[in-house]
Amino acid sequence: MPPSQRRVLIIGGSFAGLCVARDLKNHFFVTIVDAKEFFEYTPGVLRAYVKPKHLDALTFTLYPVVEGRMGCKFIWGEV
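For the structure given in this document, a descriptive report is provided here. (Residues numbered from 1 in each chain as written. Predicted model: local features only at pLDDT ≥ 70, side-chain atom pairs only at ≥ 80, totals over all residues. Heavy atoms only, no water.)

Quick word on the overall build of the protein chain
Per the secondary structure count, the protein chain includes three helices and five strands. For the protein chain, the sequential pattern of α-helices and β-strands runs β-α-β-β-α-β-α-β. Dimensions of the protein chain, computed from C-alpha atoms along their principal axes, come out at roughly 50 × 25 × 20 Å. Total accessible area on the protein chain stands at roughly 5700 Å², and carbon and sulfur atoms take up 59% of it. Here the protein chain holds 10 positive side-chain charges and 7 negative ones, and the gap between their average locations is 7 Å. (Helix = DSSP H or I, 4+ residues; strand = E, 2+ residues; numbered from the N terminus. Areas by Shrake-Rupley, 256 points an atom, 1.4 Å probe, with all protein chains shown as cover. Lys, Arg positive; Asp, Glu negative; His and termini not counted. Charge placed at Lys NZ, Arg CZ, Asp CG, Glu CD.)

Some words on the side chain of Thr-31
Among the secondary structure elements, Thr-31 is positioned in strand 2 (residues 29-34). With a relative accessible area of 11%, Thr-31 lands in the buried category. (Buried < 20%, exposed > 50% of the residue type's maximum accessible area, 1.4 Å probe, protein only.)

So, the nonpolar core
Counting residues in each nonpolar core, the largest one holds 13 residues, and the members touching the most others are Leu-18, Ala-21, Val-30, Ile-32 and Val-66. Secondary structure elements with two or more residues in this core: strand 1 (7-11), helix 1 (15-24), strand 2 and helix 3 (62-69). Look past the residues within four positions of Ile-32 in its chain and what remains in contact with it is Ile-10, Gly-12, Gly-13, Gly-17, Leu-18, Ala-21, Val-66, Lys-73, Phe-74 and Ile-75. (Core = buried A, V, L, I, M, F, W, Y, C linked by side-chain atoms within 4.5 Å. Contact = heavy atoms within 4.5 Å.)

Brief notes about helix 3
For helix 3, every residue scored as buried is listed here: Leu-62, Val-65 and Val-66. Around the axis of helix 3, the buried residues are gathered within 90° of arc, so they sit on the same side. Check the buried side of helix 3 and you find it contacts helix 1, strand 2, strand 3 (38-40), strand 4 (59-61) and strand 5 (73-76). Gly-71 occupies a position one or two residues after helix 3 and carries a positive phi of about 75°. (Arc of directions from axis to C-beta.)

Some words on the packing of aromatic side chains
Tallied over the entire structure, the rule returns three aromatic pairs. Ring centres of Phe-15 and Tyr-41 lie 5.9 Å apart, and the angle between their planes is 85°; on these two criteria the pair is classed as edge-to-face. Here Phe-15 is found in helix 1, whereas its partner Tyr-41 is found in the loop between strand 3 and helix 2 (45-50), with 26 residues between them in sequence. On the basis of relative accessibility, which here comes to 45%, the residue Phe-15 falls in the partly exposed class. Both rings, one in Phe-39 and one in Phe-60, keep their centres 5.0 Å apart while their planes meet at 20°; by these two values the pair is stacked. Highlighted residues: Phe-39 in strand 3 and Phe-60 in strand 4, separated in sequence by 21 residues. On the basis of relative accessible area, Phe-39 is assigned to the buried category, the value being 9%. The class for Phe-60 is partly exposed, based on a relative accessible area of 32%. (Phe/Tyr/Trp six-rings, centres within 6.5 Å; stacked < 30°, edge-to-face > 60°.)

Description of helix 1
Owing to its 3.6 residues per turn, the α-helix brings residues three or four apart onto one side. If you check which residues of helix 1 are buried, you get Gly-17, Leu-18 and Ala-21. For helix 1, the angular spread of buried residues about the axis comes to 95°, placing them on one side. Against the buried residues of helix 1 lie strand 1, strand 2, strand 3, strand 4 and helix 3.

Structure (structure tokens):
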């Protein structure tokens, strides 16, 4: 990272946090902080009660997506 590159801290890795990170990653060094290590599509959880196998499609671990695919930094913690 060049020393002159500006930084952005995004608190929360849910829908809004991931969308903002995606939009800003080309202009800033983006760091996402979330208290959970996983993303959960909450509206779909009710469907998982009927089809428990569907739960795997509703969640994913944030670290590989944020750091691997998006090229941002992920911190699992609280602010």
